[in-house]
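# Analysis of the macromolecular model
So the chains spell out like this:
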Amino acid sequence: MHSLQKITPCLWFDNRAEEAAEYYVSIFRNAKLCQISRYPEAGKEHHGQQPGTAMTVVVELDGQRFTLMNGGPMFQFSPAISFQINCESQDEIDYFWDRLSEGGAPEAQNCGWLADKFGLSWQVVPTILPSMITDPDPEKCNRVMSALLQMKKLDIAGLKKAYAGP
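Keep in mind that what you see is a predicted model, and the values were worked out from it rather than measured. (Residues numbered from 1 in each chain as written. Predicted model: local features only at pLDDT ≥ 70, side-chain atom pairs only at ≥ 80, totals over all residues. Heavy atoms only, no water.)

Pairing is mixed across the open sheet formed by 4 strands, whose spatial order is E1-E4-E3-E2. The sheet terminates laterally at strand E1 (10-13) and strand E2 (31-38), the two strands that pair on one side only. In this sheet, adjacent strand axes meet at a mean angle of 20° when their direction is disregarded. As judged from the 4 bridges shared by E1 and strand E4 (residues 64-70), these two strands associate in the parallel manner. Across the sheet, Trp12 pairs through a bridge with Met69, a residue of E4. (Pairing = 2+ DSSP bridges. Helix = DSSP H or I, 4+ residues; strand = E, 2+ residues; numbered from the N terminus. Axes fitted to C-alpha atoms, helices over the stretch in contact; angles between N-to-C directions.)

What follows is the structure in C-alpha coordinates.
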(Lines give C-alpha, C1' and ligand atoms only; values in the text may rest on other atoms or scores of the structure.)
Protein backbone atom coordinates (compact mmCIF):
# COMPACT_ATOMS: atom_id res chain seq x y z
CA MET A 1 0.00 0.00 0.00
CA HIS A 2 1.20 3.49 -0.87
CA SER A 3 1.80 5.72 2.14
CA LEU A 4 -0.14 8.96 1.96
CA GLN A 5 2.03 11.98 1.17
CA LYS A 6 1.59 14.83 3.61
CA ILE A 7 0.53 17.44 1.05
CA THR A 8 -1.31 16.55 -2.16
CA PRO A 9 -2.31 19.27 -4.62
CA CYS A 10 -5.99 19.05 -5.54
CA LEU A 11 -6.82 20.44 -8.97
CA TRP A 12 -10.42 21.54 -9.61
CA PHE A 13 -11.79 20.77 -13.06
CA ASP A 14 -15.27 21.50 -14.36
CA ASN A 15 -15.90 18.02 -15.80
CA ARG A 16 -12.67 16.86 -17.46
CA ALA A 17 -10.65 15.45 -14.53
CA GLU A 18 -10.57 11.91 -15.88
CA GLU A 19 -9.53 13.11 -19.35
CA ALA A 20 -6.84 15.32 -17.81
CA ALA A 21 -5.54 12.44 -15.66
CA GLU A 22 -5.16 10.19 -18.69
CA TYR A 23 -3.46 13.04 -20.59
CA TYR A 24 -0.90 13.75 -17.86
CA VAL A 25 -0.18 10.05 -17.31
CA SER A 26 0.50 9.72 -21.07
CA ILE A 27 3.06 12.56 -20.95
CA PHE A 28 5.09 11.76 -17.83
CA ARG A 29 7.17 8.64 -18.30
CA ASN A 30 7.08 7.66 -14.63
CA ALA A 31 3.35 8.05 -14.06
CA LYS A 32 0.30 6.08 -13.10
CA LEU A 33 -3.42 6.42 -12.59
CA CYS A 34 -3.90 5.44 -8.95
CA GLN A 35 -7.58 5.71 -8.08
CA ILE A 36 -10.92 6.96 -9.39
CA SER A 37 -13.91 7.70 -7.20
CA ARG A 38 -17.27 8.24 -8.86
CA TYR A 39 -20.22 10.40 -7.91
CA PRO A 40 -22.98 8.37 -6.26
CA GLU A 41 -26.72 8.93 -6.51
CA ALA A 42 -26.64 10.16 -2.91
CA GLY A 43 -26.15 13.90 -2.67
CA LYS A 44 -27.02 14.60 -6.31
CA GLU A 45 -29.05 17.61 -5.18
CA HIS A 46 -25.77 19.04 -3.77
CA HIS A 47 -23.11 17.95 -6.23
CA GLY A 48 -25.28 18.15 -9.36
CA GLN A 49 -23.19 15.53 -11.16
CA GLN A 50 -24.45 12.47 -12.98
CA PRO A 51 -24.01 9.34 -10.86
CA GLY A 52 -21.08 7.32 -12.16
CA THR A 53 -19.07 10.27 -13.48
CA ALA A 54 -15.61 10.75 -12.02
CA MET A 55 -15.58 12.71 -8.78
CA THR A 56 -11.85 12.49 -8.03
CA VAL A 57 -8.97 10.94 -9.91
CA VAL A 58 -5.62 10.40 -8.20
CA VAL A 59 -2.53 10.34 -10.40
CA GLU A 60 1.13 10.04 -9.63
CA LEU A 61 3.57 11.95 -11.85
CA ASP A 62 7.24 11.25 -11.16
CA GLY A 63 6.49 10.37 -7.54
CA GLN A 64 4.20 13.37 -6.88
CA ARG A 65 0.55 12.58 -6.25
CA PHE A 66 -2.21 14.88 -7.44
CA THR A 67 -5.95 14.68 -6.92
CA LEU A 68 -7.99 15.89 -9.88
CA MET A 69 -11.58 16.70 -9.01
CA ASN A 70 -14.65 17.36 -11.13
CA GLY A 71 -16.24 20.13 -9.11
CA GLY A 72 -18.14 22.16 -11.67
CA PRO A 73 -17.55 25.42 -13.54
CA MET A 74 -17.31 27.87 -10.63
CA PHE A 75 -13.49 27.88 -10.36
CA GLN A 76 -10.87 28.15 -13.10
CA PHE A 77 -7.11 27.69 -13.11
CA SER A 78 -4.90 30.76 -12.77
CA PRO A 79 -1.21 31.26 -13.61
CA ALA A 80 -0.82 32.24 -9.95
CA ILE A 81 -0.37 28.49 -9.36
CA SER A 82 1.97 26.50 -11.60
CA PHE A 83 3.93 23.29 -11.46
CA GLN A 84 7.66 23.32 -12.24
CA ILE A 85 9.19 20.53 -14.26
CA ASN A 86 12.95 20.48 -13.68
CA CYS A 87 14.70 19.29 -16.83
CA GLU A 88 18.27 18.08 -17.20
CA SER A 89 18.57 18.63 -20.97
CA GLN A 90 17.17 20.58 -23.89
CA ASP A 91 15.66 17.35 -25.22
CA GLU A 92 13.73 16.98 -21.97
CA ILE A 93 12.58 20.63 -22.10
CA ASP A 94 11.45 20.14 -25.71
CA TYR A 95 9.61 16.91 -24.82
CA PHE A 96 7.53 18.45 -22.03
CA TRP A 97 7.05 21.81 -23.77
CA ASP A 98 5.81 20.26 -27.01
CA ARG A 99 3.34 17.96 -25.29
CA LEU A 100 2.02 20.25 -22.57
CA SER A 101 1.71 23.37 -24.74
CA GLU A 102 -0.32 21.56 -27.41
CA GLY A 103 -3.82 23.05 -27.37
CA GLY A 104 -2.90 25.58 -24.69
CA ALA A 105 -3.14 29.35 -24.99
CA PRO A 106 -0.12 30.71 -26.95
CA GLU A 107 -0.31 34.00 -25.02
CA ALA A 108 0.44 32.06 -21.81
CA GLN A 109 3.86 31.05 -23.14
CA ASN A 110 6.58 33.19 -21.64
CA CYS A 111 9.89 32.69 -19.82
CA GLY A 112 9.45 28.91 -19.60
CA TRP A 113 5.78 29.18 -18.57
CA LEU A 114 2.93 27.61 -20.50
CA ALA A 115 -0.72 26.75 -20.01
CA ASP A 116 -1.90 23.33 -21.16
CA LYS A 117 -5.19 22.60 -22.93
CA PHE A 118 -6.99 22.48 -19.57
CA GLY A 119 -5.65 25.91 -18.56
CA LEU A 120 -3.21 24.50 -15.97
CA SER A 121 0.10 26.40 -15.81
CA TRP A 122 3.48 24.68 -15.97
CA GLN A 123 7.05 25.94 -15.84
CA VAL A 124 9.47 23.87 -17.91
CA VAL A 125 12.84 24.82 -16.45
CA PRO A 126 16.43 23.64 -16.89
CA THR A 127 18.03 22.44 -13.67
CA ILE A 128 21.03 24.72 -14.31
CA LEU A 129 18.94 27.91 -14.17
CA PRO A 130 18.90 28.46 -10.37
CA SER A 131 22.70 28.47 -10.16
CA MET A 132 22.88 30.96 -13.03
CA ILE A 133 20.42 33.44 -11.55
CA THR A 134 21.93 33.22 -8.08
CA ASP A 135 25.55 33.60 -9.22
CA PRO A 136 27.44 36.08 -7.03
CA ASP A 137 28.45 38.00 -10.19
CA PRO A 138 25.57 40.44 -10.87
CA GLU A 139 26.61 40.86 -14.51
CA LYS A 140 26.12 37.14 -15.16
CA CYS A 141 22.73 37.23 -13.44
CA ASN A 142 21.66 40.28 -15.46
CA ARG A 143 22.73 38.72 -18.77
CA VAL A 144 20.91 35.45 -18.00
CA MET A 145 17.76 37.28 -16.89
CA SER A 146 17.81 39.47 -20.02
CA ALA A 147 18.13 36.38 -22.22
CA LEU A 148 15.43 34.49 -20.30
CA LEU A 149 12.96 37.37 -20.65
CA GLN A 150 13.25 37.12 -24.45
CA MET A 151 12.37 33.41 -24.51
CA LYS A 152 9.08 31.53 -24.57
CA LYS A 153 10.45 27.98 -24.29
CA LEU A 154 13.75 28.14 -22.41
CA ASP A 155 16.86 27.42 -24.44
CA ILE A 156 19.77 26.04 -22.42
CA ALA A 157 22.38 26.97 -25.05
CA GLY A 158 21.11 30.56 -25.13
CA LEU A 159 21.13 30.78 -21.34
CA LYS A 160 24.67 29.36 -21.16
CA LYS A 161 25.85 31.81 -23.81
CA ALA A 162 24.39 34.74 -21.86
CA TYR A 163 25.92 33.41 -18.65
CA ALA A 164 29.39 33.14 -20.23
CA GLY A 165 29.19 36.68 -21.54
CA PRO A 166 30.89 38.44 -24.43
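The next thing to look at is the nonpolar core. Counting residues in hydrophobic clusters, the biggest one holds 29 residues, and the most contacted among them are Tyr24, Leu68, Phe96, Leu100 and Trp122. Those elements that provide at least two residues to this core are E1, helix H1 (17-27), strand E3 (54-61), E4, strand E5 (82-87), helix H3 (90-101) and strand E7 (121-126). Take this core: its biggest share by element is 6 residues, from H1. Beyond its immediate chain neighbours, meaning those up to four positions away, Tyr24 contacts Phe13, Leu61, Leu68, Leu100, Asp116, Phe118, Leu120 and Trp122. The next biggest cluster of nonpolar side chains, apart from the first, holds 11 residues, and it includes Leu129, Ala147, Leu148 and Met151. (Core = buried A, V, L, I, M, F, W, Y, C linked by side-chain atoms within 4.5 Å. Buried < 20%, exposed > 50% of the residue type's maximum accessible area, 1.4 Å probe, protein only. Contact = heavy atoms within 4.5 Å.)

For the structure on display, the rule yields 12 aromatic pairs. Pairing Tyr23 with Tyr24 gives two aromatic rings, centres 5.5 Å apart and planes at 55°, and the pair type is tilted. Per residue, the accessibility class of Tyr23 equals that of Tyr24, and both read buried. Residues Phe28 and Trp122 carry aromatic rings whose centres are separated by 5.7 Å and whose planes lie at 35° to one another, so their mutual orientation is tilted. Of this pair, Phe28 sits in the loop between H1 and E2 while Trp122 sits in strand E7, and the two are 94 residues apart along the sequence. Taken as a pair, Phe28 and Trp122 share a single burial class, namely buried. An aromatic cluster is built from Phe13, Tyr23, Tyr24, Phe28, Phe66, Phe77, Phe83, Tyr95, Phe96, Phe118 and Trp122, whose rings are joined through pairwise contacts. (Phe/Tyr/Trp six-rings, centres within 6.5 Å; stacked < 30°, edge-to-face > 60°.)

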